[in-house]
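Chain by chain, the residues:
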Amino acid sequence: MARAIWSGSLSFGLVNLPVRMYAATESHTVHFHQIQRGTSDRIRNKRVNERTGEEVPAEDIVKGLDAGDAYVLVEPEELDDIAPGRSRAVEISGFVDLDEVDPVYFDTTYYLGPRGKDHGKVYALLHKALKESNKAGVATFVMRNRAYLVAVRAEGDILVLQTLHWADEIRDPRDEIGDLPGRTKIPDRELKTAVQLVEALSTAWRPEEYHDTYQEQVRRLIEAKRKGETVEKAQEAPESTNVVDLMSALQASVDSAKGSARRQKGKGKGKGQQAGAKKAVAAKGRTGERRSRGGNGGRKPTAELSQLSKAELYERATEAGIQGRSSMTRADLVEALSGNGGGRSHAKAS
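Residues numbered from 1 in each chain as written. Predicted model: local features only at pLDDT ≥ 70, side-chain atom pairs only at ≥ 80, totals over all residues. Heavy atoms only, no water.

### Remarks on the nonpolar core
Rules: Definition used in this section: a nonpolar core is a set of buried Ala, Val, Leu, Ile, Met, Phe, Trp, Tyr and Cys residues joined via side-chain atoms within 4.5 Å. Three labels apply to residues, based on accessible area from a 1.4 Å probe with only protein chains included: buried if under 20% of the type maximum, exposed if over 50%, partly exposed otherwise in between. Numbering of helices and strands runs from the N terminus; a helix is a DSSP stretch of H or I covering at least four residues, while a strand is a stretch of E covering at least two. Residue contacts are counted whenever heavy atoms from the two residues lie within 4.5 Å of one another.
Of all hydrophobic cores here, the largest spans 22 residues; its most connected members are L10, M21, V90, L112, F141 and L161. With 4 residues, strand β8 (residues 146-155) is the single largest residue contributor to this core. Leaving out residues up to four positions away in the same chain, V90 has contacts with W6, S9, L10, S11, A139, T140, F141, V150 and L161. Grouped together as the second largest cluster of nonpolar side chains are 9 residues, L305, M328, L333 and V334 included.

### Side note on unusual backbone geometry
At N134, a position not held by glycine, the phi torsion is positive, near 55 degrees. By the secondary structure assignment, N134 is in the loop between α2 (120-133) and β7 (135-143). According to the relative accessible area criterion, N134 is partly exposed, its value standing at 34%.

### Things to note about the pattern of salt bridges
Heads up, the condition is: In the sections that follow, a salt bridge refers to a side-chain nitrogen of Lys or Arg positioned within 4 Å of a carboxyl oxygen of Asp or Glu.
Using the criterion set out here, one finds 7 salt bridges in the structure. Here R174 makes a salt bridge to D172, at a shortest N to O gap of 4.0 Å. Accessibility expressed as a relative area gives 35% for D172, which makes it partly exposed. Close ionic contact of E223 with R226 constitutes a salt bridge, the shortest N to O distance being 2.6 Å. With E223 and R226 both in helix α5 (residues 213-226) and 3 residues apart, the pair spans about one turn of that helix. With relative accessibility at 32%, the residue E223 sits in the partly exposed group. Overlapping salt bridges, with partners in common, bring together E223, R226 and K227 in one network.

### Examining the side chain of H127
Topologically, H127 is positioned in helix α2. In this structure H127 comes out as buried when scored by relative accessible area, which is 11%. Other than its neighbours up to four places away in sequence, H127 contacts A154, E155, G156, D157, I158 and L159.

### Observations concerning the sheet that holds strand β6 (residues 106-114)
To keep it simple, the criterion reads: Should DSSP find at least two bridges between two strands, the strands are taken to pair. Axis angles are defined between N-to-C directions and span 0 to 180 degrees, where every axis is a line fitted to C-alpha atoms and, for a helix, only to the segment in contact.
Read once around its circumference, the closed barrel built from 7 strands follows the order β1-β2-β6-β9-β8-β7-β5, with strand pairing classed as mixed. Geometrically, the sheet is characterised by an average inter-axis angle of 40 degrees between neighbouring strands, direction not taken into account. In terms of strand pairing, strand β5 (residues 89-97) meets β7 through 6 bridges, oriented antiparallel. Considered in β7, the bridge of F95 is made with G137.

This is the structure we're talking about:
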């Protein structure tokens, strides 16, 4: 059973609900110590006066804010005197539609639980009311000498409390990003194809299917080094899509996504049906390929490949299972596919 990090009461109107608050998330990041190379000695940080180089004891350290011409010094006791007292209540001042709250305001999520079985009915009542109305209760409260703006809402079968950023903490993207596109005219064909790609790649939200592959690689690296082994280096990121090849990249992506969907759907069929489907897809692929070659079956693979866009080459490299394709240039893809028979099963030139 997790330990509550805060306990108090949640009030709305004249109703008071005693609750406990629990952390909803935890980090899976691998934490390293700093070690001096060639030893097993840990590195320690010390508070040092940058002018004298001497270590300063904690009791001689105060906080200071650079005011331009000088530092304004503040004693720890002065901050304690103005700090808000620890709040024992989350008082909901109003309810807002969840759809009106921009996700950029949400910060940290906590679980709320009733403080004892005797309060289960009130807890369930508030949960159901928030769920059916699709609203969140907005409140402020104090924890660890800091005031928070929070939203209380229904999530699944529990109540959650999410801390929110204050309005003046949200940056205006137009002030932060210098190269945002203005009124860009998008051709109807490209927009239609992009929408098709979004629809083709649409899927149910299953967070358990996504993994922090970097942290997994870090753990594999640690285990490999412990055993005296080595690990493969990560592939370089793929190049940005060339605007000239945008339509080709979109269409190739749509075709690839649809092909993946068909393959996934085919896994549920019987072996006989699956074999028939494969033949049909293969026949269709050969027909399309003959059209793309203009009926010229005698053209050499390299000459044929040189006519394809980078997106089409990448699609063939994916089908052929060519390693390192994501970091290849267009010329590299042509060369790799030439040595692989073009990446698709077709008659070779004599």
